[in-house]
Amino acid sequence: MEKENKKARQSNFELMRIISMFMIVLWHVIKNNINFVQTPDVIHFFLIIIICTIVIHVNSFVMVNGYFSFSKTKSSWKKACSLLGVTWFYKVAIAVVLFFITTGVIGKFELFKEFFPLDIIRSYWFINCYILLLLLSPFINILLDRLTESQYRKLLLISFLLFSILPFITNQTMVSNDGFNLVQFVFLYLIGAYFKKYPIEKNYHFKNFSKNKIQLLSLFLFLTCIFFNVCIYFLSLYLQGVDQVLLKEVGEGLHHSIFCYSSPLIIIQTIAYFHFFKTLSIQKKWINSLAGLTFGVYLFHENYYLKLILYAPFKLHQHAQNMGIFVYAFAVAISIFLVGMIIEWIRKEMARFLKSRKWIKNIQNRCIHYVEQIEA
């Protein structure tokens, strides 16, 4: 089964996964270490352009999951358990290392908690939502399979209105959805599944479009969303500085909502990003191999305790007053990304070695049998 999955992997989407994970790392490097307001105007401007470009990172992972999981009708207990196991490994391994090589980062009580199974996903909001989506997806698929195309479109339009447009224009007051929750994941899953069930190239409006035209349209739409997001960001700063209370509140609302993953512009930008890669014709084993290491990059650099010390040595804030910050930020992100991939490669090699042991195989077979009984 594992070999079949590897053969079925499409390198265009695997390349998208690699780029999206690098975007996540770069996003955290910039957002967690640089105070935009204290940077010179030119640097501030270009930092916002970068942020508006890479903000689609998380959404793209969930959307592509909907695209590939649409036809599955069995619960993904095995995959969920596997994700929990890998997450637990990273939490425990990082906690043990930090406990012995650092002072004051993690104490004995915190170290004990990291071993506790029920505390596995506390540090990773994405893993929490993603695992819940995995368990719900088979039931969602049964529902979607019974919908006509017209009903499906209405479902997407209503979801877009309720979970994207309304939260954006009401500043999360009428309907709350900042994008960091299961509601957003289900919505993105619905979009990805729709494009699997009803490919855009077979749509009446696009069936005469070549791949190159769809790529150009996707790129244009992607850049247009960036342009409007940048404009809205600086408009929000301007409105927050005016004397009128109403305009100031509008500015604060825009500023709060613009980088929410549920923003309408970010949703549209993610769709454009997804379709650009969907039209690429790539099939490279090395891309697929590297993409298989990206999950470890996330678990490594987003670890709760590691984040407390990970960025300090780089001192990015000291470089934020000159144009070199862009090169430096990318260099830091690349370094973290590569280290994360190397650690994940080592973990996979260790797991491969352990799986070849007979006693490990016996435990694994018992666990699989237990999970299959649950599914039955």
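Right, let's walk through the structure included here. Source: prediction; values computed, not measured.

1. Topic: the nonpolar core
The biggest cluster of nonpolar side chains holds 105 residues, and the ones touching the most others in it are Val-29, Ile-30, Phe-126, Tyr-152 and Phe-259. Residue contributions to this core peak at 12 residues, all from helix α2 (residues 11–33). Ignoring any residue separated from it by four or fewer positions in sequence, one finds Ile-30 in contact with Phe-36, Leu-47, Ile-50, Ile-51 and Ala-329.

2. Brief notes about a nonpolar patch on the surface
Taken together, Val-42, Phe-45, Phe-46 and Met-323 make up a surface patch of nonpolar side chains, about 360 Å² in accessible area. Tracing the chain through its elements places Phe-45 in helix α3 (residues 41–54).

3. As for the packing of helix α5 (residues 77–101) against helix α14 (residues 294–301)
The interhelical angle for the contact between α5 and α14, taken along N-to-C directions, is 40°, at an axis separation of 10 Å. One finds that α5 runs oblique with respect to α14. Along this stretch, α5 crosses α14, giving a crossing that reads as right-handed. Side by side, α5 and α14 meet where Leu-83, Val-86, Thr-87, Tyr-90 and Ile-94 of the first sit next to Phe-295, Gly-296, Leu-299 and Phe-300 of the second. Within the contact of α5 with α14, the residues separate by chemical class into 7 nonpolar, 2 polar and no charged.

4. Some points on the pattern of salt bridges
Enumeration according to the criterion identifies 7 salt bridges in this entry. Among the salt bridges present, the one from Glu-302 reaches Lys-307, with a minimum N-O distance of 3.6 Å. Residues Arg-347 and Glu-344 are paired through a salt bridge, measuring 2.9 Å at the closest nitrogen-oxygen approach. With Arg-347 and Glu-344 both in helix α16 (residues 324–355) and 3 residues apart, this pair spans about one turn of that helix. Glu-344 matches Arg-347 in its accessibility class, with the two residues each being buried. One network of salt bridges, with partners in common, ties together Arg-9, Glu-14 and Arg-17.

5. Details of the packing of α2 against helix α4 (residues 57–69)
Where α2 meets α4, the axes come as close as 8 Å, and the angle between the chain directions of the two elements is 155°. Comparing the axis directions of α2 and α4 gives the class roughly antiparallel. Judged by the twist between their axes, the crossing of α2 over α4 is left-handed. For the pair α2 and α4, the contacting residues are Phe-13, Met-16, Arg-17, Ser-20, Met-21, Met-23, Ile-24 and Trp-27 in the first and His-57, Val-58, Ser-60, Phe-61, Val-64, Tyr-67 and Phe-68 in the second. Per-class residue counts for the contact of α2 with α4 are 11 nonpolar, 3 polar and 1 charged.

6. Details of helix α9 (residues 182–197)
Relative to the 22 Å expected for 16 residues at 1.5 Å per residue, α9 spans 22 Å between its end C-alpha atoms, a close match to the ideal helical length. Buried residues of α9: Gln-184, Phe-185, Phe-187, Leu-188, Tyr-189, Leu-190, Ile-191, Gly-192, Ala-193, Tyr-194 and Phe-195, and no others. On the buried face of α9, the contacting elements are α4, α7 (125–146), α8 (149–169) and α12 (264–278). Where α9 begins, the side chain of Asn-181 points an oxygen toward the backbone nitrogen of Val-183, at a separation of 3.2 Å.

7. Quick look at the environment of Arg-347
Residue classification places Arg-347 among the buried positions, given a relative accessible area of 14%. Residues Arg-347 and Lys-285, spaced 62 residues apart in sequence, show a C-alpha to C-alpha distance of 20 Å. Once residues within four sequence positions are removed from consideration, Arg-347 is found in contact with Val-86, Phe-89 and Tyr-90. A polar contact of 2.9 Å, which involves the side chain of Arg-347, links it to the side chain of Glu-344.

The rules behind the values
Residues numbered from 1 in each chain as written. Predicted model: local features only at pLDDT ≥ 70, side-chain atom pairs only at ≥ 80, totals over all residues. Heavy atoms only, no water. Core = buried A, V, L, I, M, F, W, Y, C linked by side-chain atoms within 4.5 Å. Buried < 20%, exposed > 50% of the residue type's maximum accessible area, 1.4 Å probe, protein only. Helix = DSSP H or I, 4+ residues; strand = E, 2+ residues; numbered from the N terminus. Contact = heavy atoms within 4.5 Å. Patch = residues over 30% accessible without salt bridge, like charges linked within 9 Å, V, L, I, M, F, W, Y side chains within 5 Å. Areas by Shrake-Rupley, 256 points an atom, 1.4 Å probe, with all protein chains shown as cover. Salt bridge = Lys/Arg side-chain N within 4 Å of Asp/Glu carboxyl O. Axes fitted to C-alpha atoms, helices over the stretch in contact; angles between N-to-C directions. Parallel < 35°, antiparallel > 145°, perpendicular 65-115°, else oblique. Left-handed = near helix turned anticlockwise from the far one by under 90°. Nonpolar A, V, L, I, M, F, W, Y, C, P; charged D, E, K, R; others polar. Expected span 1.5 Å × (residues − 1). Polar contact = N/O pair within 3.5 Å; in protein donor to acceptor, adjacent residues only side chain to side chain.

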